[in-house]
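Survey of secondary and tertiary structure
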Amino acid sequence: MAHRIITQIVLVGSRVLGRAFTEAYKQAQASSNYARAQAKINPNAASARASISSSMTLDEACKILNVKPPQGGQANMEDVMSRFKKLFDQNDPQKGGSFYLQSKILRARERIEAEIKPAMEKAAQEAEIKEGWKPKVYKDR
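Residues numbered from 1 in each chain as written. Predicted model: local features only at pLDDT ≥ 70, side-chain atom pairs only at ≥ 80, totals over all residues. Heavy atoms only, no water.

Describing the overall build of the chain
Rule in force here: Strands here mean DSSP runs of E at least two residues long; helices mean DSSP runs of H or I at least four residues long; both are numbered from the N terminus. Exposure categories follow from relative accessible area, calculated using a 1.4 Å probe and restricted to protein chains: below 20% of the type maximum is buried, above 50% is exposed, and the middle band is partly exposed. We call two residues in contact whenever any of their non-hydrogen atoms come within 4.5 Å of each other. Shrake-Rupley sampling with a 1.4 Å probe provides the accessible areas, and residues are treated as covered by the protein chains on show and by no other component. Charged-residue counts in this description rest on Lys and Arg as positive and Asp and Glu as negative, His and the chain ends being excluded. Charged side chains are reduced to one point each, which is NZ for Lys, CZ for Arg, CG for Asp and CD for Glu.
Helix and strand counts for the chain stand at five helices and zero strands. For the chain, the N- to C-terminal ordering of α and β elements is α-α-α-α-α. The C-alpha extent of the chain, read off along each of the three principal axes, is 95 × 45 × 40 Å. The buried share of the chain, reckoned over its 141 residues, is 19%. Considering only residue pairs separated by 6 or more positions, the chain has 56% of its internal contacts joining residues 24 or more positions apart. If you sum the accessible surface of the chain, you get close to 11,500 Å²; carbon and sulfur atoms cover 56% of it. Both charge centroids of the chain, one from 24 positive and one from 15 negative side chains, sit 7 Å from each other.

What follows is the structure, given as structure tokens:
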């Protein structure tokens, strides 16, 4: 009699776990498909590219590095890099720091860079157009 009860408990438990894993997989798949669809609608959006590769928000990244959020795609990268270097070095595991915090700091810098990269590329293209194309000519002696 006891073996029947144990067998039923095991079967019911495995059924419940199986359904839970199946539902979790379906939700993860749906979330991934939604993110891809949003990226296809607006592929140039920095937030679309960043949200696929990282789950960190821009606000969270700015809070971690203690910098102001980029305004109009512009940010003070010198300030971001100086804060990044300082915090990254302070959290070095060989100096008694935390690898987890160090990786969070790195992801924060990458998230801010992903946000301003399209604006920087656009500004570089506009500057090149404004200057005109000037090929480098090398003279053989």
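There's more to say after this.
Topic: the confidence of the model for the chain
Cut-off, in case you're wondering: A residue's pLDDT is simply how confident the predictor is in it, with values from 0 to 100.
Counting all residues, the mean pLDDT for the chain is 84, and 90% of those residues have values of 70 or more. Element-level pLDDT for the chain is lowest in helix H2 (residues 46–53), with a mean of 51, against a maximum mean of 92 in helix H4 (residues 77–90).

Digging into the nonpolar core
Using the following cut-off: The term nonpolar core refers to a set of buried residues drawn from Ala, Val, Leu, Ile, Met, Phe, Trp, Tyr and Cys, joined through side-chain atoms within 4.5 Å.
If you look at the biggest cluster of nonpolar residues, it comprises 14 residues, and the most contacted ones within it are Leu65, Val67, Val80 and Ile112. Elements with a minimum of two residues in this core: helix H3 (58–65), H4 and helix H5 (99–131). Those residues in contact with Ile112 that lie beyond four places of it in its chain are Leu58, Ala61, Cys62, Leu65, Val67 and Val80.

Some details on the side chain of Gln102
Note on placement: Gln102 falls in helix H5. The buried category is assigned to Gln102, whose relative accessible area is 8%. Once residues within four sequence positions are removed from consideration, Gln102 is found in contact with Phe88, Asn91, Asp92 and Pro93.

Here's the deal with unusual backbone geometry
The backbone of Asn66 shows a phi angle near 55°, a positive value even though the residue is not glycine. Note on placement: Asn66 falls in the loop between H3 and H4.

Overview of a nonpolar patch on the surface
Rules: Patch members must show over 30% relative accessible area and no salt bridge, and they are joined within 9 Å when carrying like charges or within 5 Å when they are nonpolar side chains of Val, Leu, Ile, Met, Phe, Trp or Tyr. The term salt bridge refers to a side-chain nitrogen of Lys or Arg lying within 4 Å of a carboxyl oxygen of Asp or Glu.
On the surface, a nonpolar cluster with roughly 360 Å² of combined accessible area is contributed by Met1, Ile5 and Ile9. With respect to the helices, strands and loops of the structure, Ile5 is situated in helix H1 (residues 2–41). The class of Ile5 is partly exposed, set by a relative accessible area of 44%.

Some points on the packing of H4 against H5
Rule in force here: Fitting a line to C-alpha atoms yields each axis, with helices limited to the stretch in contact; the angle taken between N-to-C directions then spans 0 to 180 degrees. Angle categories are assigned with fixed cut-offs, so that under 35 degrees is roughly parallel, over 145 is roughly antiparallel, 65 to 115 is roughly perpendicular, and the rest are oblique. Crossing handedness: left-handed means the near helix sits turned counterclockwise from the far one by under a right angle, and right-handed means the same turn made clockwise.
Orientation of H4 relative to H5, taken along the N-to-C sense of each, is 170°, at an axis distance of 9 Å. Judged on the interaxial angle alone, H5 and H4 are roughly antiparallel. Every pair of crossing elements has a handedness; the one defined by H4 and H5 is left-handed. Facing Met77, Val80, Met81, Phe84, Leu87 and Phe88 of H4, the residues of H5 in contact are Gln102, Ile105, Leu106, Arg109, Ile112, Glu113 and Ile116.

Section: the pattern of salt bridges
Counting across every chain of the model gives six salt bridges. One salt bridge in this structure joins Lys26 and Glu23, with 3.9 Å as the shortest N-O distance. Of this pair, Lys26 and Glu23 both sit in helix H1, three residues apart, which is roughly one turn of the helix. Overall, the relative accessible area of 48% leaves Lys26 in the partly exposed class. Look at Glu23 and you get partly exposed, because its relative accessible area is 43%. Here Glu113 and Arg109 are joined by a salt bridge, their closest N and O atoms 3.4 Å apart. Taken as a pair, Glu113 and Arg109 lie in helix H5 at a separation of four residues, close to a single helical turn. Judged by relative accessible area, which is 16%, Arg109 ranks as buried.

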